[in-house]
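# Topology and contacts: notes
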Amino acid sequence: MRTFTLPEPRRTQRRPVLALAVAVLTLGAQHAAAPAAYAAPLSTANAVTPPTRGNVVIEWNRTLLNIVRSPHAQPATIHPTRNFAIMSAAVYDAVNAISRAHPLYGSSLAAPRDASRPAAAAAAAHDTLAALYPARKASLDRQLSSDLAGIPDDRAKQEGIKVGAQAAHAIIALRAHDGADATPPPYATTGKPGDYRPTPPAFKAPEFTHWGNVTPFVLRTGHQFRPAAPPALSSPAYAAAMNEVKTIGAAHSTTRTADQTTLAKLWSAPAQNYWYDIAQQIALARHSDLDQSANLFALLNLTLADAVIGIYDAKYTYRLWRPITAIRLAAGNPQVKRDPKWTPLVATPPDPSYPGMHSEISTAAATVLAAFYGDRNAFTLTAPAAAGGPRPYTKPYTSLSATATEAGLSRIWGGLHTQLDHKSGNELGAAIARYALGQSKLAPAVPGSPTAKPAAGSATRASTTVTVRDSKLGKILADGRGRTLYLFEADKGTNSTCYSACASAWPPLTTTGRPQAGGGASPALLGTTTRTDHTTQVTYNGHPLYHFLSDAKPGDTTGQGLNSFGAKWYVLNPKGNKIPAR
């Protein structure tokens, strides 16, 4: 089984990191070149569906999705992605306290190796949700009883229940003072051109004004990957982006296609809900077991929770007005003509425009899922009949990255965002997901203080190591865990050219400090380069270094000599030169 490690949470006391970036399933390697299995269709965007039986991790993720889709069930000032992250972290800890496959995320738990992992996962999920949604306790109790009834009533079951309860208590306590319960500060527009103001028809007060200050789960701070400011209102780029959405995103656009209209409405629900559903479809289709599912949903849900923290930080930093306001007022750029009656196809959400949340969340989710299963997977989305015409509109998908792109573009077709928002959201989501996938150790910050810095000497990726190990190709470069490192012949000097799907298949070796030379490696040949997603990649002899996703264990060299993403990949010798393919 290929492994990632799950980063340590933000907490007051510094401790060894959690391994949450978990097992990129052996399934990912086995199925990379095979046709993806087909899963059951999704229901409509807000339908409540029965829990999935047979895999308690997916079952409880579905239960939480049903809760947040139910009217008035979710507290208005608590973003639901936080609760998904809390539940999945507790499940992850409960399962790994028994299997001991990965270091724990939120606590130091111990359980017998023969304890029941299904009982532990169910108890952890139940107890976190009962604490977060006390009004739902009766139905959650019934679901837990049903799960436990299928497990032999012995000591292993009781030990599993015990550690599940402990994991839930620990993660709830860890997040008790993370800033999520703060009163959202009121928003006041300056009235200046470009500054966000509430939008018609409801003119709702902006929501989640406090969320950028919530303590992240994986990131060091909410502003860690904050994008650059949007182009000035007077710029040609702003005018081009606004005029595009003015034409294609209008309620009665004559340039938007019928499919674009349908898809704009299909994607009109909260972005994360689609990706929770997609993840469930794929995990079931790939027959992911309980342990693999615990790993997947922990990393996915923590990443999405941090993506939401990061995007609200950026939205309320730049406060860019929405297209409906920009087009109706048309101030700041003579190339954008005023249209006081312009109305978008889809109702505008009550928050600033830049960056685009659908673009960011979708890119982050697709990046994490592709790291586990590869980009090509089959699933379907179904729009309600009202959105697609007289019959429901069902669309099959075969690519995670293409689906993420469509989700972002749907907000332009719906008149809610511009290309500027879409591009910035994509970049932010990719940066957060790659950071989560690439970190094996993070220094915790003080909950409620997102600007806290790692203490000197704390365990971080500052100690990323490049070393030399023996292999069937002779002595080769590897990281500190023995995983083979590669160079990419398409790279120009120290500048990486591997991003998006390439970086999912060939994850860059990143660091947050100066890399260290292990046995046999030369300190003089080590260096770093800054990637366009703002992460720092390790170089050796001027070559940016990468792993290969299909290397299942330390010492594997299955990427040697492959022609992938436009050029060949090679293992390096101790002098930093490629080892020719045989």
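Residues numbered from 1 in each chain as written. Predicted model: local features only at pLDDT ≥ 70, side-chain atom pairs only at ≥ 80, totals over all residues. Heavy atoms only, no water.

## Quick word on the overall build of the protein chain
- The number of helices and strands found in the protein chain is 16 helices and 14 strands.
- Every one of the 582 residues in the protein chain was classed for burial, and the buried ones make up 61%.
- Across the protein chain, every contact between residues at least 6 apart in sequence was considered, and the portion connecting residues at least 24 apart equals 75%.
- Of the accessible surface of the protein chain, which amounts to about 22000 Å², a share of 56% is contributed by carbon and sulfur atoms. (Helix = DSSP H or I, 4+ residues; strand = E, 2+ residues; numbered from the N terminus. Buried < 20%, exposed > 50% of the residue type's maximum accessible area, 1.4 Å probe, protein only. Contact = heavy atoms within 4.5 Å. Areas by Shrake-Rupley, 256 points an atom, 1.4 Å probe, with all protein chains shown as cover.)

## Some points on the packing of aromatic side chains
- Counting across every chain of the model gives 17 aromatic pairs.
- Measuring from ring centre to ring centre gives 5.8 Å for Phe-208 and Trp-211, while their planes differ by 75°; the resulting arrangement is edge-to-face.
- Residue Phe-208 is classed as buried on the basis of its relative accessible area of 9%.
- A ring pair is formed by Tyr-486 and Phe-548, whose centres lie 6.3 Å apart and whose planes are at 75°; its orientation type is edge-to-face. One end of the pair, Tyr-486, is in strand 7 (residues 486-488); the other, Phe-548, is in the loop between strand 12 (543-544) and strand 13 (563-564), with 62 residues separating them in the sequence.
- Accessibility expressed as a relative area gives 0% for Tyr-486, which makes it buried.
- By relative accessible area, which is 10% here, Phe-548 ends up buried.
- Linked through ring pairs, Tyr-187, Tyr-196, Phe-208, Trp-211, Tyr-312 and Tyr-316 together constitute an aromatic cluster.
- The ring of Tyr-499 has Arg-531 lying over it, and the distance from NZ or CZ to the ring centre is 4.2 Å. (Phe/Tyr/Trp six-rings, centres within 6.5 Å; stacked < 30°, edge-to-face > 60°. Lys NZ or Arg CZ within 6 Å of the ring centre and 35° of its normal.)

## Remarks on helix 4 (residues 117-132)
- The end-to-end C-alpha distance of helix 4, which contains 16 residues, comes to 23 Å, matching closely the 22 Å that a straight helix rising 1.5 Å per residue would cover.
- Helix 4 sits mainly inside the fold: 12 of its 16 residues count as buried.
- Among the residues making up helix 4, those that are buried are Ala-119, Ala-120, Ala-121, Ala-122, Ala-123, Ala-124, Ala-125, His-126, Thr-128, Leu-129, Ala-130 and Leu-132.
- Buried residues along helix 4 sit in contact with helix 2 (56-69), helix 3 (80-99), helix 5 (137-149), helix 6 (155-174) and helix 10 (290-318).
- The distance from a side-chain oxygen at the start of helix 4 to the backbone nitrogen of Ala-119 is 3.2 Å, and the residue carrying that oxygen is Ser-116. (Expected span 1.5 Å × (residues − 1). Polar contact = N/O pair within 3.5 Å; in protein donor to acceptor, adjacent residues only side chain to side chain.)

## Brief notes about the pairing of strand 6 (residues 474-479)
- As paired strands, strand 5 (residues 465-471) and strand 6 are joined by six bridges and run antiparallel to one another. In the sheet register, Ser-471 faces strand 6, and the bridge partner there is Gly-474.
- The loop that links strand 5 with its antiparallel partner strand 6 comprises two residues. (Pairing = 2+ DSSP bridges.)

## Digging into the sheet that holds strand 7
- What the three strands build is an open sheet, ordered 7-14-13; its pairing is antiparallel. Two strands bound the open sheet, and with one partner strand each, they are strand 7 and strand 13.

## Regarding the packing of helix 9 (residues 271-285) against helix 14 (residues 400-413)
- One way to put it is that helix 9 packs onto helix 14 with a least axis distance of 13 Å and a crossing angle of 165°. With respect to each other, helix 9 and helix 14 are oriented roughly antiparallel. Note that helix 9 runs across helix 14; the crossing there is right-handed. Across from Trp-275, Ile-278 and Ile-282 in helix 9, the residues of helix 14 making contact are Leu-400, Thr-403 and Ala-404.
- Across the contact of helix 9 with helix 14, the residue classes break down as five nonpolar, one polar and no charged. (Axes fitted to C-alpha atoms, helices over the stretch in contact; angles between N-to-C directions. Parallel < 35°, antiparallel > 145°, perpendicular 65-115°, else oblique. Left-handed = near helix turned anticlockwise from the far one by under 90°. Nonpolar A, V, L, I, M, F, W, Y, C, P; charged D, E, K, R; others polar.)

## Here's the deal with the nonpolar core
- In this structure, Trp-60, Val-91, Trp-211, Trp-267, Trp-275 and Leu-400 are the most contacted members of the largest nonpolar core, which totals 130 residues.
- In terms of residues, this core owes the most to one element, helix 10, which gives 16 residues.
- Each residue touching Trp-211, except ones within four places of it in the same chain, is listed here: Thr-77, Ile-78, His-79, Arg-82, Ala-180, Val-308, Ile-309 and Tyr-312.
- Judged by nonpolar contacts, the second largest core, of 15 residues, contains Ile-476, Cys-502, Ala-503 and Trp-506. (Core = buried A, V, L, I, M, F, W, Y, C linked by side-chain atoms within 4.5 Å.)

## Side note on the side chain of Arg-256
- In this fold, Arg-256 is placed in the loop between helix 7 (236-248) and helix 8 (258-266).
- Although Arg-256 is buried, it makes no salt bridge; Asp-259 carries the closest opposite charge, 11 Å away.
- Looking at Arg-256, its side chain comes within polar contact range of the main-chain oxygen of Ala-250, at 2.7 Å.
- Among the polar contacts listed, one links the side chain of Arg-256 to the backbone oxygen of Ala-251, at a separation of 3.3 Å.
- Every residue in contact with Arg-256, bar those within four places of it in the chain, is listed here: Ile-248, Gly-249, Ala-250, Ala-251, Thr-261, Leu-345 and Trp-413. (Lys, Arg positive; Asp, Glu negative; His and termini not counted. Salt bridge = Lys/Arg side-chain N within 4 Å of Asp/Glu carboxyl O.)

## Topic: the sheet that holds strand 9 (residues 516-517)
- Read from one edge to the other, the open sheet built from three strands follows the order 6-5-9, with strand pairing classed as mixed. Every interior strand has two partners, whereas the edge strands, strand 6 and strand 9, have only one.

## Focus on the side chain of Asn-573
- Note that Asn-573 resides in the segment after strand 14 (567-571).
- Setting aside anything within four residues of it in sequence, one finds Asn-573 in contact with Lys-475, Leu-477, Tyr-540 and Ile-579.

## A word on the pattern of salt bridges
- Inspection of every chain in the model, using the stated rule, returns 16 salt bridges.
- Between Arg-62 and Asp-277 there is a salt bridge, with the nearest N and O atoms lying 2.4 Å from each other. With a gap of 215 residues between them, Arg-62 in helix 2 and Asp-277 in helix 9 connect regions that are remote in the sequence. Asp-277 matches Arg-62 in its accessibility class, with the two residues each being buried.
- Of the charged contacts in the structure, one is a salt bridge between Asp-141 and Lys-137, with a shortest N-O distance of 2.8 Å. Of this pair, Asp-141 and Lys-137 both sit in helix 5, four residues apart, roughly one helical turn.
- We classify Lys-137 as partly exposed; its relative accessible area is 40%.
- If you follow the salt bridges from partner to partner, you end up with Arg-62, Arg-69 and Asp-277 in one network.

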